[in-house]
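Report on the structure
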Amino acid sequence: MPELPEVETVRRGLSSEIVGRTITGVVVRERRLRWPIAENFETRLVGKRIDAIERRSKYLLVRLVDDARRASTLLAHLGMTGSFVVHDERSASRTKPHDHVDLILDSGAIVRYNDPRRFGSMHVFDGPDSAQPLLAHLGPEPLTDALDGRYLFDQTRRRPGPIKQAIMDNHLVVGVGNIYANESLFRAGIHPNRAANRISKQRYDQLVHEIKAVLSEAINAGGSTLRDYVNASGEPGYFQLNYFVYGRDGEACRHCKSALKLARHGGRATVYCAKCQR
DNA sequence: ATATGAGCCTGTATGC
DNA sequence: TGCATACAGGCTCATA
């Protein structure tokens, strides 16, 4: 499932293919994504030039301009199973199941959105990002200075709930999905059940350090398989990473060899080492 | 303000 | 072999 590093990898991969290009056609085969694709979606995209592709949280923001230099944005989320793959005319001629949207560019490239579970979304909007309901209430980006130990410490003084759920709360900080929540807590030696308001400033410094480290490492790993991801296989890059805990319940802790435990937070699997994490 | 659970989906893995 | 069921989980919404 695309987490922040995968979305960033997709952004970088798409950038060279689409920035500066004009959208000459849009094909929508399935409108029922997380929210239905708006009726005027195609009209609002055709003829627009792609100025930039940015990322906010796990959203991709494709910045568009029309002939009169009016700005708009294509907002896309990959959900759990979404992917963008760049095709040429020949490879695009055969569609696969769940190929829901095509953006046809003046270069001849076809940017194809595929999403089996349809948890992803696509919107076009004008005006500032802050006016977008989906973007308005997002916490800071994890890889910027806006996230530090002081911030998390200050923001969790009235949160007696488990730290795992706190760092996965998009209002607090974005981009820490289940995989990276598990991994960063293990690396910081913090028990996922520990009350967020009972963690010291020092330990938050450590946790933030690990969050930034695991995300950065995953982006770097994704970068090495960037071409494959965007152009062909649709395989995310992070599969190469060696996880400490994620998906390893029952297996031996890589540090102390005791069996990793499985718990559940808000319906999501949590794997941790009861000995290394306190 | 914070926390919890339901619901959205389909591919894959497991159980009988 | 085939069918049924559980699970995966980011996100929003409704409810407590």
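Residues numbered from 1 in each chain as written. Chains lettered and ligands numbered in written order. Predicted model: local features only at pLDDT ≥ 70, side-chain atom pairs only at ≥ 80, totals over all residues. Heavy atoms only, no water.

1. Details of the domain arrangement of chain A
- Taken domain by domain, chain A holds domain 1 (4-136) and domain 2 (149-272).
- Distance from the C-alpha centre of domain 1 to the C-alpha centre of domain 2: 28 Å. (Domains from an automatic or database assignment.)

2. Considerations on the protein's contact with DNA strand C
- As a structural note, the neighbourhood of DNA strand C is formed by 17 residues, with R34, H77, M80, Y246 and R264 the closest of them.
- At 3.1 Å from a base nitrogen of DNA strand C is found a side-chain nitrogen or oxygen belonging to R117.
- Within the side chain of Y246, one N or O atom sits 2.6 Å away from a phosphate oxygen of DNA strand C.
- The residue makeup of the surface near DNA strand C, split by class, is 8 nonpolar, 3 polar and 6 charged. (Near = heavy atom within 4 Å. Polar contact = N/O pair within 3.5 Å; in protein donor to acceptor, adjacent residues only side chain to side chain. Nonpolar A, V, L, I, M, F, W, Y, C, P; charged D, E, K, R; others polar.)

3. Description of the pairing of strand β5 (residues 83-87)
- Across the 5 residues that make up β5, a large majority, 5, are buried.
- Side-chain alternation along β5 places S83, V85 and H87 on one buried face and F84 and V86 on a second face that is also buried.
- When β5 meets strand β7 (residues 110-114), the two strands line up antiparallel, connected through 5 bridges. Its bridge partner being in β7, V86 is matched across the sheet by V111. (Buried < 20%, exposed > 50% of the residue type's maximum accessible area, 1.4 Å probe, protein only. Helix = DSSP H or I, 4+ residues; strand = E, 2+ residues; numbered from the N terminus. Pairing = 2+ DSSP bridges.)

4. What about unusual backbone geometry?
- Despite not being glycine, R69 shows a phi value in the positive range, around 65°.
- Secondary-structure assignment places R69 in the loop between β3 (59-65) and β4 (71-77).
- The class of R69 is exposed, set by a relative accessible area of 74%.
- Within the chain, R118 stands out as a residue other than glycine whose phi angle is a positive 60°.

5. Considerations on the pairing of β7
- With respect to burial, β7 is a largely interior element, 5 of its 5 residues being buried.
- Alternating residues of β7 divide into I110, R112 and N114 and V111 and Y113, and every residue in both groups is buried.
- As judged from the 5 bridges shared by strand β6 (residues 99-105) and β7, these two strands associate in the antiparallel manner. Residue pairing in the sheet places D102 in a bridge with R112 of β7.
- If you look at the hairpin formed by β6 and β7, you'll find 4 residues sitting between the two strands, and G108 has a positive phi there, around 95°.

6. Some thoughts on helix α1 (residues 4-18)
- Taking 1.5 Å of rise per residue, 15 residues should cover 21 Å, and α1 covers 20 Å from first to last C-alpha, within 8% of that figure.
- Of all 15 residues in α1, 11 are buried, a share of seventy percent or more.
- Taken residue by residue, α1 has L4, P5, E6, V7, E8, T9, V10, R11, G13, L14 and I18 as its buried positions.
- Among the residues trailing α1, G20 stands out with phi positive, at a value near 95°. (Expected span 1.5 Å × (residues − 1).)

7. As for the pattern of salt bridges
- Taken as a whole and judged by the stated rule, the model has 22 salt bridges.
- Between R159 and D169 there is a salt bridge, with its nearest N and O atoms 3.1 Å apart. Taken together, the positions of R159 in the loop between α5 (149-155) and α6 (163-167) and D169 in the loop between α6 and α7 (178-188) put the pair 10 residues apart, joining distant regions of the chain.
- With a closest N to O distance of 3.3 Å, R248 and E251 form a salt bridge.
- Beyond isolated ion pairs, a larger network of salt bridges with shared partners links E8, R11, R12, R55, R56 and E141. (Salt bridge = Lys/Arg side-chain N within 4 Å of Asp/Glu carboxyl O.)

8. Some points on empty space enclosed by the protein
- Throughout the structure, instances matching the rule amount to 1 cavity of 30 Å³ or more.
- Put simply, the largest cavity is a space of about 50 Å³.
- Lining the largest cavity are L14, I18, I50, I53, V62, L74, F84, L103, L105 and V111.
- Put simply, the parts of the chain that give the lining of the largest cavity at least two residues each are α1, β2 (49-56) and β6.
- Residue composition of the lining of the largest cavity, by class: 10 nonpolar, no polar and no charged. (1 Å grid on protein atoms, 1.4 Å probe; cavity = no way out; pocket = protein on both sides within 12 Å on 5 of 7 lines; lining within 4 Å. Points joined across faces, edges and corners; volume = space filled by probe spheres on them.)

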